[in-house]
Amino acid sequence: MTHTPDELFASTAPYYARFRPGYTPEFYDLLTERFGLDGTQSVLDLGTGTGVLALPLARLVGHVTALDPEPGMLDEARKLAAEQGITNVDWRQGDSTTLSAMNLDPVLLTVMGAAFHWMDRDQTLRDLDHLTLPGGAVVLASGGAPGDVEPAPWLEIISQIRTRYLGPQRRAGSGTYSHPTERHQDVLARSPFPHVETARWDRTITRTLDQVVGLQFSYSYSSPAQLGPHKDAFEHDLRQALTDFSPEGRFEELIRTEAIIATRP
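The rules behind each value
Residues numbered from 1 in each chain as written. Predicted model: local features only at pLDDT ≥ 70, side-chain atom pairs only at ≥ 80, totals over all residues. Heavy atoms only, no water. Core = buried A, V, L, I, M, F, W, Y, C linked by side-chain atoms within 4.5 Å. Buried < 20%, exposed > 50% of the residue type's maximum accessible area, 1.4 Å probe, protein only. Contact = heavy atoms within 4.5 Å. Axes fitted to C-alpha atoms, helices over the stretch in contact; angles between N-to-C directions. Helix = DSSP H or I, 4+ residues; strand = E, 2+ residues; numbered from the N terminus. Parallel < 35°, antiparallel > 145°, perpendicular 65-115°, else oblique. Left-handed = near helix turned anticlockwise from the far one by under 90°. Nonpolar A, V, L, I, M, F, W, Y, C, P; charged D, E, K, R; others polar. Pairing = 2+ DSSP bridges. Arc of directions from axis to C-beta. Expected span 1.5 Å × (residues − 1). Phe/Tyr/Trp six-rings, centres within 6.5 Å; stacked < 30°, edge-to-face > 60°.

Caption draft 1: Geometry of the nonpolar core. By size, the foremost hydrophobic cluster in this structure holds 31 residues, and its most contacted members are Phe27, Leu31, Phe35, Leu57, Val64, Trp91 and Leu109. In contact with phenylalanine 27, other than residues within four places in its own chain, are Leu53, Val139, Ala141, Trp201, Thr257 and Ala259. Leu99, Phe116, Val138 and Ala262 belong to the second-largest nonpolar core, a separate cluster that totals 20 residues.

Laid out in structure tokens, this is it:
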């Protein structure tokens, strides 16, 4: 069974909104201080998903334009915005390839989460150069590069079960996902935004069994669409193995927020 990335992300949307941990508050404090955010600025969130970055930023700036190619993600984001009483986000369908055709207003900041991995990074940064105000920046938020943080031991249990159901590679649509071999910092170094600063914060999160299982369905490579008719069996096996590992149902994990702030010379 093959799926487009859109189908995979659509099936992850409700889980993404509920189970992804989001970024540490210190990240937003840094942006506020570094760029003088005072409720008047405009920001672009490119690849917004369910608004993980857009919603907290909306409380700090005047306006957020949040783009995502997947209508299911945007629907989930609109729902969360309504629940939180946030009205200054313009949720629009689009992505890095439609930037230059969307007649977007200039912004001080463009923020991106993991979506940057999926883009033509060089072209995206050239396009953002035309959109970014003087003194502005491109900000990449992530959990750090693969291997930066020692993984929790229970993640290996999940990996084994996922491999049993979906094979050893992380699937993406009809193909497989490969993390870009070139670091974001190296791509930025040759872009219009070559001045790079990196900040990192670590915190420990404790999850319940339900939260760990729900989190797996928020990833495109183990999404409900990817698992198809095997979703219930996958969940059963996952719950059994994780309960054997931690009968009390507590799963601790060190979570990193990494911010890469790229500015013009």
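Caption draft 2: View of the packing of helix 6 (residues 154-166) against helix 10 (residues 231-245). At a closest axis distance of 10 Å, the pairing of helix 6 and helix 10 adopts a crossing angle of 155 degrees. Regarding the angle of helix 6 to helix 10, the classification is roughly antiparallel. Relative to helix 10, helix 6 is oriented so that their crossing is right-handed. Every residue of helix 10 that contacts helix 6 at Trp154, Ile157, Ile158, Ile161, Arg162, Arg164 and Tyr165 is listed here: Ala233, Phe234, Asp237, Leu238, Ala241, Leu242 and Phe245. Partitioned by chemical class, the residues of the contact of helix 6 with helix 10 number 11 nonpolar, no polar and three charged.

Caption draft 3: The arrangement of the pairing of strand 1 (residues 42-46) in detail. Most of strand 1 is tucked away, with four of its five residues classed as buried. Looking at chain direction, strand 1 and strand 2 (residues 63-68) are connected through five bridges and run parallel. Directly across from leucine 44, in strand 2, lies its bridge partner threonine 65. Sheet analysis places strand 1 next to strand 4 (residues 107-112), joined by three bridges and oriented parallel.

Caption draft 4: Layout of helix 5 (residues 121-131). For helix 5, the complete set of buried residues consists of Arg121, Thr124, Leu125, Asp127, Leu128 and Leu131. Axial view of helix 5: buried residues confined to an arc of 160 degrees, hence all on one face. Of the surrounding secondary structure, the elements contacted by the buried residues of helix 5 are strand 1, strand 4, strand 5 (132-142) and helix 7 (184-189).

Caption draft 5: Quick peek at helix 10. In this model helix 10 runs 21 Å from its N-terminal to its C-terminal C-alpha over 15 residues, within 8% of the 21 Å that 1.5 Å per residue would give. Considered for burial, the residues of helix 10 that qualify are Lys231, Phe234, Glu235, Leu238 and Leu242. Axial view of helix 10: buried residues confined to an arc of 95 degrees, hence all on one face. Residues of helix 10 that are exposed and angled more than 90 degrees away from the buried face: Asp232, His236 and Asp244.

Caption draft 6: Layout of the sheet that holds strand 2. Read across the sheet, seven strands follow the order 3-2-1-4-5-9-8 without closing on themselves; strand pairing throughout is mixed. The sheet terminates laterally at strand 3 (89-93) and strand 8 (195-207), the two strands that pair on one side only. For this sheet, the mean inter-axis angle between neighbouring strands, taken without regard to orientation, is 20 degrees. Packing of helix 5 onto the sheet brings it into contact with strand 1, strand 4 and strand 5, and relative to strand 5 it is tilted by some 140 degrees.

Caption draft 7: A look at the packing of aromatic side chains. As enumerated under the stated definition, the model contains eight aromatic pairs in all. When the ring of tyrosine 23 is compared with that of phenylalanine 27, the centres are 5.9 Å apart and the planes differ by 55 degrees; the resulting orientation is tilted. With 6.4 Å between their ring centres and 70 degrees between their planes, phenylalanine 27 and tryptophan 201 make a pair best called edge-to-face. Pair noted here: phenylalanine 27 is in helix 2 (residues 25-35) and tryptophan 201 is in strand 8, with a separation of 174 residues, a long-range link.

Taken by themselves, the reported measurements are silent on function.
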